[in-house]
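As a plain string of letters, each chain reads:
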Number of protein chains: 2
Amino acid sequence: MRRKGLICIHTGNGKGKTTAAIGAAIRAAGQGLKVLILQFMKGQKNIGEMKAFAETSLPITLKQYGHAVFFQSRACEPIDIHKAHLGLQAFQKAMESEAYDLIVLDEINMAIDFGLLQIDEVMAVIKQKPPGLHLILTGRNAKKPLMEIADLVTEMKEIKHHYYKGVKAQKGIEF
Amino acid sequence: MRRKGLICIHTGNGKGKTTAAIGAAIRAAGQGLKVLILQFMKGQKNIGEMKAFAETSLPITLKQYGHAVFFQSRACEPIDIHKAHLGLQAFQKAMESEAYDLIVLDEINMAIDFGLLQIDEVMAVIKQKPPGLHLILTGRNAKKPLMEIADLVTEMKEIKHHYYKGVKAQKGIEF
């Protein structure tokens, strides 16, 4: 029986959207699947997952298509739109290569929500998905057309957060 | 400045609670933190995360305190209660050893919810947590006393699930 490739979405305002995608990548790689992670709107190299993947021989490739400085702390520029489109092109080429079993489009929902990518162009690329390929899309404010074609949608909902108690982001836990 | 150890809870009826903890473990290990994962109510060896960790040199140790057969598919037995308590003991010893920076108590909420562990005995152990140690507790139906001491609580909420569409669990994605 040919594998049914799933489309999974992690959305919501809570923690764990990217983290669960990283966990899914590890789980998949442990089962012998080849994994590509494309990070939109991210360019920071000092992240734990990147360091960890570099130290392993697991079949996980991580590429970034964004600034090192987090987007929300500065104005949107044409370069952001350009980089997001490079990410989308990389996704299309990766599907055509048939070299991967799971592709994670990390923060693509946010890239759409911020207007870096148009929902229609993203949908047009996703519709070329080979039947056996698994996809995970992360980011808050996932758009309705994506939710509709997804097999699995999880909302990560923030119930309580220590930022409110004045604790700074912790290395190793949050990045 | 001494590190503030966080208590994080992943709860809710959706996917991604354990997966996000696995991702957090990878991220933490990538930043040089030593990680211990104690899985309650789980004993299945054919899981992707176990295979993946075995292939890496990352400082992540995974131990299981449950049956190979998933608990909900059979009746609760005294051995389940015993194994859950071995897990709780292992947690206490791991804290005393000060050998870890992050300890994941995977499905401990479910172990409490099923009555294998009492909330009071779990609280008594957690109160011995060294200040710098990070904890992640996963499982649905997290109890109120745990939610109260947590720094960060995320609810993974199921919005849409392909089981409803008659697709079987996919190797590499769900286990």
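Residues numbered from 1 in each chain as written. Chains lettered and ligands numbered in written order. Predicted model: local features only at pLDDT ≥ 70, side-chain atom pairs only at ≥ 80, totals over all residues. Heavy atoms only, no water.

Trainee: Hey, could you run me through the pattern of salt bridges in this one?
Mentor: If charged atoms from side chains of opposite charge come close, those side chains can pair. Residue and element names in this part refer to chain A. Taken as a whole, this structure holds 10 salt bridges over all chains when the rule is applied. Here Glu107 and Lys42 are joined by a salt bridge, their closest N and O atoms 3.7 Å apart. With Glu107 in the loop between strand E4 (102–106) and helix H4 (108–113) and Lys42 in the loop between strand E2 (35–40) and helix H2 (48–55), this residue pair connects regions lying 65 residues apart in the sequence. With respect to burial, Glu107 and Lys42 carry one shared label: buried. Several salt bridges converge on common partners, so that one network encompasses Lys42, Asp106 and Glu107. (Salt bridge = Lys/Arg side-chain N within 4 Å of Asp/Glu carboxyl O. Helix = DSSP H or I, 4+ residues; strand = E, 2+ residues; numbered from the N terminus. Buried < 20%, exposed > 50% of the residue type's maximum accessible area, 1.4 Å probe, protein only.)

Trainee: How should I be thinking about the nonpolar core in this particular structure?
Mentor: Soluble globular proteins tend to bury their nonpolar side chains together. With 48 residues, the main nonpolar core has A:Ile26, A:Ile37, A:Ile60, B:Ile26, B:Ile37 and B:Ile60 as its most contacted residues. Sequence-distant contacts of A:Ile60, defined by excluding residues within four places in its chain, comprise A:Ala25, A:Ile26, A:Ala29, A:Val35, A:Ile37 and A:Phe53. (Core = buried A, V, L, I, M, F, W, Y, C linked by side-chain atoms within 4.5 Å. Contact = heavy atoms within 4.5 Å.)

Trainee: Explain the environment of B:Met95 to me, please; I cannot follow it from the model alone.
Mentor: Residue and element names in this part refer to chain B. Within the secondary structure layout, Met95 lies in helix H3 (residues 78–97). Residues Met95 and Pro130 lie 35 residues apart in sequence; the distance between their C-alpha atoms is 7.1 Å. With residues near it in sequence (within four places) discarded, Met95 still touches Ile103, Val125, Gln128, Lys129, Pro130 and Leu133.

Trainee: Teacher, can you tell me more about the side chain of A:Glu107 here?
Mentor: A relative accessible area of 11% places A:Glu107 in the buried class. In this structure, A:Glu107 is in contact with A:Thr18, A:Phe40, A:Lys42, A:Thr138 and A:Gly139, ignoring residues within four places of it in sequence.

Trainee: I tried to follow H2(A) on my own but got confused; where do I start?
Mentor: Given 3.6 residues per turn, any residue in an α-helix points the same way as the ones three and four places further on. Those residues of H2(A) lying buried are A:Gly48, A:Glu49, A:Met50, A:Ala52 and A:Phe53. As for H2(A), its buried residues are in contact with helix H1 (17–30), E2 and strand E3 (60–65) of chain A together with helix H1 (17–30) of chain B.

Trainee: Would you take a moment to explain the relation of the copies chain A and chain B for this structure?
Mentor: The relation between the two copies of this chain is a rotation about an axis and a shift parallel to it. For the pair chain A and chain B, the superposition axis carries a translation of 0.0 Å, the fit reaches an RMSD of 0.0 Å, and the rotation angle comes to 180°. A rotation of that kind, with that shift, is consistent with a two-fold axis. With an isologous cut-off of 70% or more, the 100% of interface residues of chain A that recur at the interface of chain B puts this contact in the isologous class. (Least-squares fit on C-alpha atoms with pLDDT ≥ 70 in both.)

Trainee: Before we go on, may I ask you to explain the pairing of strand E6 (residues 152–160) of chain A in this structure?
Mentor: Within a regular beta strand, the side chains point alternately toward one face of the sheet and then the other, so they alternate between its two faces. The sheet contact formed by strand E1 (residues 7–11) of chain A and E6(A) spans four bridges and is parallel. When the bridges of E6(A) are listed, A:His10 appears paired with A:Thr154. As judged from the seven bridges shared by E6(A) and strand E6 (residues 152–160) of chain B, these two strands associate in the antiparallel manner. Bridge assignment links A:Glu155 to a residue of E6(B), and that residue is B:Lys157. (Pairing = 2+ DSSP bridges.)

Trainee: Even after reading the chapter, I still don't get the packing of helix H3 (residues 78–97) of chain A against helix H5 (residues 119–126) of chain A, so can you show me in this structure?
Mentor: All names here are of chain A. Running from N to C, H3 and H5 cross one another at 15°; their axes reach a closest spacing of 10 Å. The pairing of H3 with H5 is recorded here as roughly parallel in orientation. In this structure, the crossing between H3 and H5 has a hand that is left-handed. Counting all contacts with H3, which are made through His85, Leu88, Phe91, Gln92 and Met95, the residues of H5 involved are Glu121, Val122, Val125 and Ile126. Of the residues in the contact of H3 with H5, the class split is six nonpolar, two polar and one charged. (Axes fitted to C-alpha atoms, helices over the stretch in contact; angles between N-to-C directions. Parallel < 35°, antiparallel > 145°, perpendicular 65-115°, else oblique. Left-handed = near helix turned anticlockwise from the far one by under 90°. Nonpolar A, V, L, I, M, F, W, Y, C, P; charged D, E, K, R; others polar.)

Trainee: Explain the sheet that holds E4(A) to me, please; I cannot follow it from the model alone.
Mentor: Backbone-to-backbone hydrogen bonds join strands into a sheet, with any given pair of strands oriented parallel or antiparallel. As summarised here, the arrangement of the 12 strands in space is E3(A)-E2(A)-E4(A)-E5(A)-E1(A)-E6(A)-E6(B)-E1(B)-E5(B)-E4(B)-E2(B)-E3(B), forming an open sheet in which the pairing is mixed. The open sheet has two edge strands, E3 of chain A together with strand E3 (60–65) of chain B, and neither has a second partner. Between one strand and the next, the sheet's axes are offset by a mean angle of 15°, whatever the strand orientation. Sheet analysis places E2(A) next to E4(A), joined by five bridges and oriented parallel. Note on E4(A): the bridge partner recorded for A:Gln39 is A:Asp106. Each of E2 and E3 of chain A is contacted by H2(A), which is oriented at about 145° to E3(A), the strand it contacts most. In the packing of H1(B) onto the sheet, contacts are made with strand E1 (7–11), strand E2 (35–40), E3, strand E4 (102–106), strand E5 (134–138) and E6 of chain B, and the angle to E2(B) comes to roughly 165°.

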